[in-house]
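Residues per chain, in single letters:
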Amino acid sequence: MALSGPGTVKYPNLFSPKKIGNLEISNRAVVSPLTRASATEDGIVTDQMRDYYASYARGGWGLIMTEAVYIDLKYSQGYAYQPGIASDEQRDSWAKVVEAVHAEGAPIFMQIFHCGAINQGNNWVEGSIAPSVVTPKGEQIPRYRGSGTVFQTPREITRDEMAEVVETYGQAARRAIEVGFDGVEVHGANGYLPDEFLTVYTNQRDDEYGGPIENRIRYHCEVMESVRAAVPDKPVGVRISQTKVNDFEYVWPGGDDDARVVFPRLAETGIDFLDCSAHLGVSPVFGTDKSLSGLARRYTGLPVMANGKLHDPDVAEKAIADEEGDFVAIGKGALADHGWPRKVAAGEAPVPFDPGMIMPYATHDCYDDFWKANPTGIPEEKVAARDVTEGA
Ligand SMILES: Cc1cc2nc3c(=O)[nH]c(=O)nc-3n(C[C@H](O)[C@H](O)[C@H](O)COP(=O)(O)O)c2cc1C
């Protein structure tokens, strides 16, 4: 639904429509995936989650991406109280979300997820699997209900499991479309299973999935081929990053040469879009003149979502005008103000993000407690100085 107001004149790029695959998106503001760890223990969607997603739809977002949703009843779940799309029961529990969002006229994609070694809470199995036996850096993240202690060491995923998980991504994507989602994004970023194949220090394999970048991107490509085959006529895409929930420093070692392999290879699988998350925003990378999302766009010609610190509408507009992305995926700014696009269109200032909104947990209950304690939010100048570097 097209928004109107002075902001649509001030920000012509942000408020112009654009297609992803065969789907017309009414503006360029996308809710970035946000894990809320607020489903039931066995991954069933609640009414609270329905109301949460519906409030974004009322807020005028061009597209809503769900939080990361796990794909099987084995090793994919990474967070306690994370929602799933692994069974028919879990699938059917999403119907109320899709119906509520569609009733407000917004499209919604599901982000599908396998945690790999970054397991902070799994209802189904003990242990974790990864490309190689490497203990994840850092500690589990209490904000996502992790223990605050070190991660367990994964065992090496078997070749049979690798093939099974590829198949399972496709099945999960199919279930998402069956229950009415408009598209699917694979979480291929931030240190989870596919990204563990892409990352040199978590991939110590000496088979055709390890070593050069052409090998390390192979697993992503197999996953995307599976998802594309399972969902031939709805938009599908993949999220990519350099940094990880447990490592904000990692940089692709081959720099621009890696980008020239990663993005075209992914595009060859027939996907419709790329989503590049970069917690520091759209600054140039690898000594080029472009951000990671800008390079993704340049090397594929696909629609690209840029992400990271784009909640200021001036910055968001400029990112699109500068061809750093076609869409802006907004995380913390969306969480702070579900009505961000509508307010920006109306020329009003959205409520700024405050870390208290996701403390002590990034759950809906803690968020509601924040608003009870601070009914009008926290003014920009008083927002806690500490930035929350993100997650999930
Ligand atoms: C509470 C929280 C939960 C998140 N959950 C996810 C997730 O499920 N999937 C994902 O790809 N990124 C997740 N992220 C990362 C955001 O989507 C986004 O990339 C990050 O917040 C940077 O964008 P921003 O500067 O607009 O917040 C999460 C971030 C936060 C703060």
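Because the structure is a prediction, the values reported are computed rather than measured.

Draft legend 1. Quick look at helix α10 (residues 292-300). Every buried residue belonging to α10 is among Leu292, Ser293, Gly294, Leu295, Ala296 and Tyr299, and all of these are buried. Contacts made by the buried residues of α10 are with β9 (236-241), α9 (256-268), β10 (273-277) and β11 (304-307). Within two residues after α10, Gly301 carries a phi angle of roughly 75 degrees, on the positive side.

Draft legend 2. Region of the structure containing the pairing of β10. With respect to burial, β10 is a largely interior element, 5 of its 5 residues being buried. Burial along β10 is two-sided: Phe273, Asp275 and Ser277 and Leu274 and Cys276, pointing in opposite directions, are all buried. Crossover handedness for the path β9 to α9 to β10: right-handed. One ladder, built from 4 bridges, connects β10 with β11; its direction is parallel. Its bridge partner being in β11, Leu274 is matched across the sheet by Val304. A crossover connection joins β10 to the parallel β11 through α10; in handedness this β-α-β unit is right-handed.

Draft legend 3. Examining the side chain of Ser226 more closely. Tracing the backbone shows Ser226 in helix α8 (residues 218-230). For Ser226, the contacting residues outside a window of four places in its chain are Val166, Glu167 and Gly170.

Draft legend 4. Quick look at the packing of α9 against α10. With their axes 9 Å apart at the nearest point, α9 and α10 run at an angle of 55 degrees to one another. It follows that α9 is oblique to α10 by the angle criterion. The two elements α9 and α10 cross, and the hand of that crossing is right-handed. Residue-level contacts link Asp256, Ala259, Arg260, Phe263, Pro264 and Ala267 of α9 to Leu292, Leu295, Ala296, Tyr299 and Thr300 of α10. Residues that form the contact of α9 with α10 fall into these classes: 8 nonpolar, 1 polar and 2 charged.

Draft legend 5. Inspection of helix α4 (residues 95-103) at higher detail. Within α4, the full set of buried residues consists of Val97, Val98, Ala100 and Val101. Along the long axis of α4, the arc covered by the buried residues comes to 165 degrees, so they all point the same way. Looking at α4, the residues exposed on the side facing more than 90 degrees away from the buried face are Glu99 and Ala103. Summarising the contacts, the buried residues of α4 are in contact with α2 (47-58), β4 (63-70) and β5 (108-113). At the C-terminal side of α4, Gly105 shows a positive phi close to 85 degrees.

Draft legend 6. Geometry of the packing of aromatic side chains. On inspection of all chains with the given rule, the structure shows 18 aromatic pairs. Look at Trp252 and Phe263: their rings are 5.8 Å apart centre to centre, the planes differ by 45 degrees, and that puts the pair in the tilted class. Placement of the pair is Trp252 in the loop between β9 and α9 and Phe263 in helix α9, with a sequence separation of 11 residues. For the pair Trp252 and Phe263, a shared accessibility class is recorded, and that class is buried.

Draft legend 7. Representation of unusual backbone geometry within the structure. The residue after Met359, namely Pro360, is reached through a cis peptide bond having omega -10 degrees. Looking at where Pro360 falls in the secondary structure, it is placed in the loop between α13 (340-346) and α14 (364-373). The backbone of Lys309 shows a phi angle near 55 degrees, a positive value even though the residue is not glycine. With respect to the secondary-structure elements, Lys309 resides in the loop between β11 and α11 (313-321).

Draft legend 8. Just the sheet that holds strand β8 (residues 183-187), in detail. As summarised here, the arrangement of the 8 strands in space is β3-β4-β5-β8-β9-β10-β11-β12, forming a closed barrel in which the pairing is parallel. Strand after strand, the sheet turns through a mean of 25 degrees between neighbouring axes, direction not considered. Running at roughly 160 degrees to β9, α8 makes contact with β5, β8 and β9 of the sheet.

Draft legend 9. Layout of the packing of α2 against α4. Relative orientation of the contacting elements α2 and α4 amounts to 25 degrees, with a least axis distance of 8 Å. Judged on the interaxial angle alone, α4 and α2 are roughly parallel. Viewed along their axes, α2 and α4 form a crossing whose handedness is right-handed. For the pair α2 and α4, the contacting residues are Asp47, Met49, Arg50, Tyr53, Ala54 and Ala57 in the first and Lys96, Val97, Ala100 and Val101 in the second. Across the contact of α2 with α4, the residue classes break down as 7 nonpolar, no polar and 3 charged.

Rules and cut-offs
- Residues numbered from 1 in each chain as written.
- Predicted model: local features only at pLDDT ≥ 70, side-chain atom pairs only at ≥ 80, totals over all residues.
- Heavy atoms only, no water.
- Buried < 20%, exposed > 50% of the residue type's maximum accessible area, 1.4 Å probe, protein only.
- Helix = DSSP H or I, 4+ residues; strand = E, 2+ residues; numbered from the N terminus.
- Contact = heavy atoms within 4.5 Å.
- Right-handed = clockwise from strand over helix to strand, strands pointing away.
- Pairing = 2+ DSSP bridges.
- Axes fitted to C-alpha atoms, helices over the stretch in contact; angles between N-to-C directions.
- Parallel < 35°, antiparallel > 145°, perpendicular 65-115°, else oblique.
- Left-handed = near helix turned anticlockwise from the far one by under 90°.
- Nonpolar A, V, L, I, M, F, W, Y, C, P; charged D, E, K, R; others polar.
- Arc of directions from axis to C-beta.
- Phe/Tyr/Trp six-rings, centres within 6.5 Å; stacked < 30°, edge-to-face > 60°.

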